[in-house]
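Architecture at a glance
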Amino acid sequence: MPTPRLKANGRAFAHIAQFHPELTAFRRDLHAHPEIGYEEVYTGGRVQEALKLCGVDEIHTGLGKTGLVGIIRGKQNSGGRMIGLRADMDALAMAETNDFAWRSTKQGKMHGCGHDGHTAMLVGAARYLAETRNFDGTAVLIFQPGEEGYAGAKAMIEDGLFDRWPVEAVYGMHNWPAMRPGTVGLSPGPMMAAADKVTIEITGKGGHGAHAYMAIDPVLVAAHIITAVQSIVSRNVRPLDGAVISLCAMDAGDLHSMSVIPGKATLVGTVRTFTPAVQDLVERRLTELCSAVALGFGATASVHYERMYPATTNTQQEAMFAADVAESLVGADHVVRDLEPSMGAEDFSFMLQVRPGAYMRIGQGGEGSCMLHNSRYDFNDEILPLGSALHASLVEQAMPLHAA
């Protein structure tokens, strides 16, 4: 396997680069065997096997169903400090169209978001930290299931993750195809949006399409609601406060019944916001507007608003620290400290609600790269040593050894 072109500073990177081929083989094995949320049995087994070989001190399984935690103690433990590192393990329910040797072997399942790479990077950090132990405290390595819509982070927390290991800060990262390899980006404050699901149920009065005046057409009401809700962001949300409302699906009537006006119509969509205040505003205005529009046509509309993932919001101190650590590896010119937030969502947000920490993006592509959730996507193995070194360096620099 060729020597990686990507270079970085520091002892951790140089050490981890020596077993880059093994990390690559591990990552590609995970890619070939994708598992969706709470089904990560093979993945979890491979992680356990790797952690045992690394020589971690403890392995705990069954948190959040298929999640697991590895514990590594440093050479010193003078203050009982703990730092958490998190990687997500699950794949997506989508078909892969790649043709390389490590493509998915499971029909309709694919590592289309790079969680195979995230898992491999944390395993690489585990091996380095267990071999060197150049820190004062305990590293808590969190391998999380079900990020893709299953709220695996929340499930692990509810199973006592931070009660058992009360880390003072927790860090996570995600590959980012829009950034070049060797770069890291983050920002204090919001990194990713809250993701909510909205369901609008419209009730009218069914009838014959030739005698529409005798019916109350819920399809017509739905059309007006679809248009009207687009005014919420433009006329209620401050331009500096980001929000997106997208109604993405509609169910009404029968495609084989051209002249039957249905009695009901349902709209389903998503709302993305960065702050609870804007989230509250959008929910309230959706309820008011949909009800009023329907009433104007003699129909009724009920809105079910489901808050799924909160916004992923970095704490100031931890974000600045993570940026400093990244800078020590790749240099100031390759760290973006004011990265633009994304309207995508991430369930690392649940961890950041209960512990300080930071979520980072690590570049893996650049201009023209295949984006996430694409059937041709693949994680860039070139960045594995850097991601592992970044994880490990967060531990070493947060909990440095003290001179005897």
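Please read these numbers as outputs of a predicted model, since none were measured by experiment.

It is worth spelling out the overall build of the chain at this point. Within the chain one finds twelve helices and 16 strands. Relative to the globule expectation of 22 Å for 404 residues, the C-alpha radius of gyration of the chain, 24 Å, shows essentially globular dimensions. Within the chain, buried positions represent 54% of all 404 residues. Within the chain, residue pairs in contact and separated by at least 24 positions form 82% of the contacts whose partners lie at least 6 positions apart. Roughly 17200 Å² of accessible area belongs to the chain as shown, and the carbon and sulfur atoms make up 53% of that amount. Seen as two clouds, the 33 positive and the 44 negative side-chain charges of the chain have centres 1 Å apart.

Quick look at the packing of helix α3 (residues 41-54) against helix α4 (residues 115-132) now. The description of two helices packed together rests on the angle between their axes and the distance between the axes. Across the interface, α3 lies against α4 with an axial gap of 9 Å and an inter-helix angle of 20°. Taken as axis vectors, α3 and α4 run roughly parallel relative to one another. The chirality of how α3 crosses α4 is right-handed. Side by side, α3 and α4 meet where V47, A50, L51 and C54 of the first sit next to T119, V123, A126, R127 and A130 of the second. Looking at the contact of α3 with α4 residue by residue, the classes come out as seven nonpolar, one polar and one charged.

Here the focus is the packing of aromatic side chains. For the coordinates displayed, the defined rule picks out five aromatic pairs. Look at F100 and W102: their rings are 4.5 Å apart centre to centre, the planes differ by 15°, and that puts the pair in the stacked class. Taken as a pair, F100 and W102 share a single burial class, namely buried. Arranged with centres 6.1 Å apart and planes meeting at 50°, the rings of Y171 and F321 form a pair that is tilted. Placement of the pair is Y171 in strand β5 (residues 169-176) and F321 in helix α10 (residues 316-330), with a sequence separation of 150 residues. We classify Y171 as buried; its relative accessible area is 3%. The lysine or arginine in question, K65, covers the ring of Y38, its NZ or CZ lying 4.5 Å from the ring centre. The ring of W176 has R361 sitting right over it, with the charged end atom 4.1 Å from the ring centre.

The next thing to look at is the nonpolar core. The biggest cluster of nonpolar side chains holds 92 residues, and the ones touching the most others in it are I72, L129, F143, L161, Y171 and M360. Residue contributions to this core peak at nine residues, all from α4. Listed in part, the 27 residues of the second largest apolar core include I225, I232, A265 and V271.

Turning next to unusual backbone geometry. Backbone geometry at Y38 places phi at a positive 65°, although glycine is not the residue there. Inspection of the secondary structure assignment puts Y38 in the loop between α2 (20-32) and α3. The phi dihedral of A151 is positive, around 55°, even though this residue is not glycine. In this fold, A151 is placed in the loop between β4 (138-144) and α5 (152-158). Overall, the relative accessible area of 17% leaves A151 in the buried class.

Our focus in this paragraph is the UniProt feature "binding site: Mn(2+)" (unreviewed entry) in the chain. In this structure's numbering, the residues bearing the UniProt feature "binding site: Mn(2+)" (unreviewed entry) are C113, H115, E148, H174 and H373. These annotated residues cover 261 residues of sequence, but their C-alpha atoms sit close together, with the largest distance between any two at 13.2 Å. Turning to its location among the elements, C113 is positioned in the loop between β3 (82-88) and α4. Apart from residues no more than four positions distant in its own chain, C113 is found in contact with L92, H118, E148, H174, N175, L372, H373 and Y377. Note that H174 resides in strand β5. With sequence-adjacent residues up to four places away left out, H174 is seen in contact with C113, H115, H118, E346, Y359, M360, R361, I362 and L372.

Before going further, it helps to spend a moment on the state of the cysteines. Tallied over the entire structure, the rule returns zero disulfides. Between C370, a cysteine without a disulfide, and C113, which holds the nearest cysteine sulfur, the sulfur-to-sulfur distance is 11 Å.

So, about the sheet that holds strand β10 (residues 243-252). Strand order in the open sheet made by the four strands is β10-β12-β8-β13, with antiparallel pairing throughout. Looking at strand neighbours, the two that pair on one side only are β10 and β13 (300-309), the edges of this open sheet. Strand-to-strand, the axes of this sheet are offset by a mean angle of 20°, without reference to chain direction. With nine bridges joining them, strand β8 (residues 194-203) and β13 adopt antiparallel strand pairing. Within β13, the position partnered with D196 by the bridge is R307. Across the face of the sheet, helix α7 (residues 218-228) comes into contact with β8, β10, β12 (264-273) and β13 while running at roughly 15° to β12. Together, β8, β10, β12 and β13 form the strand contacts of helix α9 (residues 276-296), whose direction differs from that of β13 by roughly 160°.

This part covers the UniProt feature "domain: Peptidase M20 dimerisation" (unreviewed entry) in the chain. Annotation from UniProt places "domain: Peptidase M20 dimerisation" (unreviewed entry) at residues 197-290. Taken end to end, residues 197-290 is 35% helix and 33% strand, and its two terminal C-alpha atoms sit 15 Å from one another.

Take the pairing of β3 next. Buried residues dominate β3, accounting for seven of its seven residues. In β3, alternate side chains face the same way, and those of M82, G84, R86 and D88 on one face and I83, L85 and A87 on the other are all buried. Pairing analysis gives seven bridges linking β3 to β4, with the strands arranged parallel. Bridging from a neighbouring strand, A87 pairs with F143 of β4.

Criteria and thresholds
- Residues numbered from 1 in each chain as written.
- Predicted model: local features only at pLDDT ≥ 70, side-chain atom pairs only at ≥ 80, totals over all residues.
- Heavy atoms only, no water.
- Helix = DSSP H or I, 4+ residues; strand = E, 2+ residues; numbered from the N terminus.
- Rg over C-alpha atoms; globule rule 2.2 N^0.38 Å.
- Buried < 20%, exposed > 50% of the residue type's maximum accessible area, 1.4 Å probe, protein only.
- Contact = heavy atoms within 4.5 Å.
- Areas by Shrake-Rupley, 256 points an atom, 1.4 Å probe, with all protein chains shown as cover.
- Lys, Arg positive; Asp, Glu negative; His and termini not counted.
- Charge placed at Lys NZ, Arg CZ, Asp CG, Glu CD.
- Axes fitted to C-alpha atoms, helices over the stretch in contact; angles between N-to-C directions.
- Parallel < 35°, antiparallel > 145°, perpendicular 65-115°, else oblique.
- Left-handed = near helix turned anticlockwise from the far one by under 90°.
- Nonpolar A, V, L, I, M, F, W, Y, C, P; charged D, E, K, R; others polar.
- Phe/Tyr/Trp six-rings, centres within 6.5 Å; stacked < 30°, edge-to-face > 60°.
- Lys NZ or Arg CZ within 6 Å of the ring centre and 35° of its normal.
- Core = buried A, V, L, I, M, F, W, Y, C linked by side-chain atoms within 4.5 Å.
- UniProt positions renumbered as here; feature names shortened; annotations may be inferred.
- Disulfide = S-S within 2.5 Å.
- Pairing = 2+ DSSP bridges.

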